[in-house]
Amino acid sequence: MADHKVVCWDCSSVVDDPYVNNCPKCGGLLTVKMDLRPVKEMRPEDLRKENIGVWRYAPFMPVDPSNKVSIQEGGTPLYKTDRLSKELGVSQAYVKFEGLNPTGSFKDRGMTIGVSHAKELGAKVVGCASTGNTSASLAAYAAKADMKCAVFLPSGKVAAGKLAQALFYGAKVLSIDGNFDDALDLALKMAEERKIYLLNSINPYRPEGQKSVLFEIMDQLRYNVPDRIILPVGNAANIWAVYKAIQELKEVGWISKVPKLTGIQAEGSAPVAKAFAAGKKDFIAEEHPETIATAIRIGNPVSGRKALHAIYDTKGFSTTVTDKEIISAQQLLGKKEGVCVEPASAASIAGLKKLLSMGIIDKNEKVVCICTGNGLKDPDTIMDNSPPVIPCKNSVKDVERILNQ
Ligand SMILES: [Zn+2]
């Protein structure tokens, strides 16, 4: 564990109260400032004694491993996707498949650190307001840690299927009178009164665990830094976490080159991409975001300003893709590489295709696409876009006829 402090990203004040999620002085976003001096004495090989995964990078993490709550998150494959590269016309594309985390999404990287920190604080109850991958992940880590887990949701707008994992892991899923903001406000109030430890995206410890996806990519590429990393952007904490990891590796002298961070949003839910197109440092929230990629259907991203900073500072890019392009990219990845990602994840592949055709990405670049979640989380979308089952007579001849069609 590295010594660290929680500071305000806007005014640099040090924040000591572990239960606050915004700067008490200016209301700004919080972030963790690590003291990496001990890591400067180390080399990447020194960490390879531990299995690949979030906790291999414990010297970069703000939690003592003795409080570890882990379900062996991270250590996901980095596929060299030659067939996809050929199809898209790029020399080297890789896919980091985060859908193979314990609950099927990258959220587990942040939750192992967030829930371990909650344990360190002595919290007995954790909570979040979320219908998707966040609640699934938190519920699993709370189960492992023997903590109660509360999921706050607006009444009447809850699709049970999306909550299957949270319910399965034993979370108390609460249907609150009011809209999503009311549900989140109640969760924040519970956190302020220290009745729960809140693990929504605004929590500054979660991005610390999410940094590990970048550390792993570098490890898997033997520190041959890629030219570009492409990610889907929803609440925008992940692109921020990847940026923070890059800065920390630079600080300890393990890399000198910086990959261009490229954030892809869905056309109907694109506050960050629109701000980038206008050259702005801040975004305008969208009231009614809409896209098939539910994991990035977010109109007011918590870490939107941090994401824009990450993109500008690495000379990256941001753009939008349509739902049609997302589904087509999802299917392409399945058919060319045997990888099944959820629609939000496919946005990174769709973005690569679009930016190659626009000439923003050069065909000689080495590109890593981060695919954040497993396609099996959203089987309805897969079935809606797949051909039907084929009726077949009980005969070899009929099977052959069909296979030759
Ligand atoms: Zn502040």
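Residues numbered from 1 in each chain as written. Predicted model: local features only at pLDDT ≥ 70, side-chain atom pairs only at ≥ 80, totals over all residues. Heavy atoms only, no water.

## Quick look at empty space enclosed by the protein
Our working rule: Only protein atoms enter the 1 Å grid, on which a cavity is a set of points fitting a 1.4 Å probe that cannot get out and a pocket is an open set with protein on both sides within 12 Å along at least 5 of 7 lines, lining residues being those with an atom within 4 Å of a point. Grid points are joined across faces, edges and corners, and a volume is the space filled by probe spheres set on the points. Charged means Asp, Glu, Lys or Arg here, nonpolar means Ala, Val, Leu, Ile, Met, Phe, Trp, Tyr, Cys or Pro, and polar covers whatever is left, Gly included.
Inspection of every chain in the model, using the stated rule, returns one cavity of 30 Å³ or more. Lining of the largest cavity is provided by Leu-29, Leu-30, Ser-201, Ile-202, Asn-203, Pro-204, Pro-207, Val-302, Ser-303 and Lys-306. Residues that form the lining of the largest cavity fall into these classes: six nonpolar, three polar and one charged.

## Notes on the sheet that holds strand S7 (residues 172-176)
Hydrogen bonds along the backbone pair up the strands of a sheet, which may run parallel or antiparallel. Selection criterion: At least two bridges found by DSSP between two strands is the condition for calling them paired. Segments assigned H or I by DSSP are reported as helices when at least four residues long, segments assigned E as strands when at least two residues long, and all are numbered from the N terminus. Contact definition: two residues touch when any of their heavy atoms are within 4.5 Å. Structural elements are reduced to axes, namely lines fitted to C-alpha atoms, with helices fitted over the stretch in contact, and the angle between N-to-C directions of any two is expressed from 0 to 180 degrees.
Here four strands make up an open sheet; going across it, the order is S7-S6-S5-S8 and the pairing parallel. Because the sheet does not close on itself, it has two edges, and the strands there are S7 and strand S8 (197-198). Strand direction decides the pairing type here: strand S5 (residues 125-128) and S8, joined by two bridges, are parallel. Note that in S8 the partner of Val-126 across the bridge is Tyr-197. In this fold helix H6 (residues 180-192) packs onto strand S6 (148-154), S7 and S8, with an angle of close to 150 degrees to the strand it touches most, S6.

## Quick notes on the sheet that holds strand S10 (residues 260-266)
Pairing is mixed across the open sheet formed by six strands, whose spatial order is S3-S4-S12-S9-S10-S11. A strand with exactly one partner marks an edge of an open sheet, and here the two such strands are strand S3 (78-80) and strand S11 (317-321). Across the sheet, the axes of successive neighbouring strands diverge by a mean angle of 25 degrees, strand direction being ignored. Pairing of strand S9 (residues 228-232) with strand S12 (residues 366-371), which is carried by three bridges, proceeds in the parallel orientation. Within S12, the residue paired with Arg-228 across the bridge is Val-367. The sheet strands contacting helix H8 (residues 212-220) are S3, strand S4 (92-97), S9 and S12, and the helix crosses S4 at an angle near 135 degrees.

## Here we look at the coordination of the zinc ion
Heads up, the rule is: In this analysis a donor is any N, O or S atom within 2.8 Å of a metal ion (3.2 Å for sodium, potassium and calcium), and since water is not included, sites may seem incomplete. Here the metal geometry follows the donor angles, with tetrahedral for four donors whose angles all fall between 85 and 135 degrees, square planar for four and octahedral for six when opposite donors are more than 155 degrees apart and every other angle is between 65 and 115, and irregular for all the rest. Exposed residues in this analysis have more than 50% of their type's maximum accessible area, buried residues have under 20%, and partly exposed residues fall in between, with area computed by a 1.4 Å probe over protein chains only.
Only Cys-8 (SG), Cys-11 (SG), Cys-23 (SG) and Cys-26 (SG) from the protein reach the zinc ion as donors, at distances of 2.2 to 2.4 Å. Geometry at the zinc ion is tetrahedral, judged from the four donor atoms that bind it and their angles of 102 to 118 degrees at the metal. Between consecutive donor residues of the zinc ion, the sequence gaps follow C-x2-C-x11-C-x2-C. Of this pair, Cys-11 sits in the loop between strand S1 (4-8) and strand S2 (30-34) while Cys-23 sits in the loop between S1 and S2, and the two are twelve residues apart along the sequence. A relative accessible area of 34% places Cys-11 in the partly exposed class.

## Here we look at the UniProt feature "modified residue: N6-(pyridoxal phosphate)lysine" (unreviewed entry) in the protein
The criterion, for reference: UniProt positions are given in the numbering used here, feature names are shortened, and annotations may be inferred rather than shown by experiment.
Those places that UniProt annotates as "modified residue: N6-(pyridoxal phosphate)lysine" (unreviewed entry) correspond, in this numbering, to Lys-107. Mapped onto the secondary structure, Lys-107 falls in helix H3 (residues 107-121). Dropping the residues within four chain positions of it, Lys-107 is found in contact with Asn-133, Thr-134, Ser-137 and Arg-206.

## Thoughts on the environment of Gly-178
Mapping Gly-178 onto the fold places it in the loop between S7 and H6. Along the backbone, Gly-178 and Ile-113 are 65 residues apart, and their C-alpha atoms lie at a distance of 31 Å. Dropping the residues within four chain positions of it, Gly-178 is found in contact with Pro-154 and Ser-155.

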